[in-house]
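Residue-level listing of the chains:
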Amino acid sequence: MSSDRQPLLDARDITVRFGGLVAVDSVSARFMPGELVGIIGPNGAGKTTFFNAISGVTKPTSGTLTVQGRELGGKGPHRFAANGLARTFQTPRTFPDMRVRDNIAFGLKFAGRRPRKYIWWGEETTVPWVLRTPESILGLIGLRDQADLPAAAITPSQQRLLEIGMALATRPRMLLLDEVAAGLTENEVEEMARLIRRLRDELDLTVVWIEHAVTTLLRHVERVIVLHQGKKIADGTPAEVVRNAEVIEAYLGDEMNEPTTEHVAEETTA
Ligand SMILES: Nc1ncnc2c1ncn2[C@@H]1O[C@H](COP(=O)(O)OP(=O)(O)O)[C@@H](O)[C@H]1O
Ligand SMILES: [Mg+2]
């Protein structure tokens, strides 16, 4: 009641257990329209599992999930997508044999599966022009020159861009990005960060961005959530979070002392 605007996504007391392991431990977070929020935390902190829970990929053990006012807890990923959520995976999921353009076209086709009335009247007319065709999406993500190549033939950083393009093609209101800058060079990471900000600014998206490159992320987001051992230990501006004693002890202290720590990506989707 304190806010006059409805959160795009409101997660309350989300818990995900895998047998005896509590991967996500009663995490609550609200994401408002147009916010750019980072999620950080050590490996195994529960970041990907939290994403899986809030996008319907993994059913939470308990807690409630409300997307644009609709209670979606327990529903599958298609229902979340139909309500405006799109995501990338820690390991990109593109179609390697299909041309880059056709990967995007697949996303557009998926958007067409939303209920007719929204597409025809309510929503399609408000879709930004830049998300209407594969060509315009390829321009937005900078892959126009690669349009006719098979997805398998483009570089790893271009694969990440393609996956973002596929997610955008579903015309989301909210974009969840899981380590889209992993494995990129320093310059590519910076370019990726700028693209993410542009997407938020120009498409008026809510963006939630998990990244291991903490220093880059902290420079670009307005709010950051810190997970540690499945629990949310901080939620605030980057300036607040880097001064938080619990965060420094749990995470940032180590990050600063071991800048070369190799990050081993785990694919943990159900
Ligand atoms: N499908 C699964 N089955 C069992 N354990 C899992 C599964 N997915 C993740 N985990 C465990 O949950 C914890 C959190 O993992 P994850 O969400 O991938 O962390 P992060 O993305 O922060 O590195 C880890 O201990 C991981 O091993
Ligand atoms: Mg992860």
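Looking at an unreviewed UniProt entry, one finds the chain named ABC transporter ATP-binding protein and attributed to Hydrogenophaga aromaticivorans.

### Overview of the pairing of strand β3 (residues 36-40)
Of all the five residues making up β3, five are buried; the element is thus mostly covered by neighbouring parts of the structure. A two-sided burial pattern is seen for β3, the buried positions comprising L36, G38 and I40 on one face and V37 and I39 on the other. Judged from the four bridges that link them, β3 and strand β8 (residues 206-210) form a sheet pairing that is parallel. Paired with L36 across the strands is V207, a residue of β8. In this sheet, strand β9 (residues 223-228) lies alongside β3 in parallel orientation, the contact comprising four bridges. Note that in β9 the partner of I40 across the bridge is V226.

### Re the sheet that holds strand β10 (residues 231-236)
With mixed pairing, six strands are arranged side by side in an open sheet as β6-β7-β8-β3-β9-β10. Each having just a single partner strand, β6 (85-87) and β10 make up the two edges of the open sheet. In this sheet, adjacent strand axes meet at a mean angle of 15° when their direction is disregarded. Across five bridges, the pairing between strand β7 (residues 174-178) and β8 is parallel.

### Quick look at the side chain of T94
With respect to the element layout, T94 can be found in the loop between β6 and α3 (100-111). A distance of 3.2 Å separates polar atoms of two side chains, one belonging to T94 and the other to Q159. With residues up to four places along the chain from it excluded, the contact list for T94 reads N103, A151, Q159, L162, E163 and M166.

Reading the values: the criteria
- Residues numbered from 1 in each chain as written.
- Chains lettered and ligands numbered in written order.
- Predicted model: local features only at pLDDT ≥ 70, side-chain atom pairs only at ≥ 80, totals over all residues.
- Heavy atoms only, no water.
- Buried < 20%, exposed > 50% of the residue type's maximum accessible area, 1.4 Å probe, protein only.
- Helix = DSSP H or I, 4+ residues; strand = E, 2+ residues; numbered from the N terminus.
- Pairing = 2+ DSSP bridges.
- Axes fitted to C-alpha atoms, helices over the stretch in contact; angles between N-to-C directions.
- Polar contact = N/O pair within 3.5 Å; in protein donor to acceptor, adjacent residues only side chain to side chain.
- Contact = heavy atoms within 4.5 Å.

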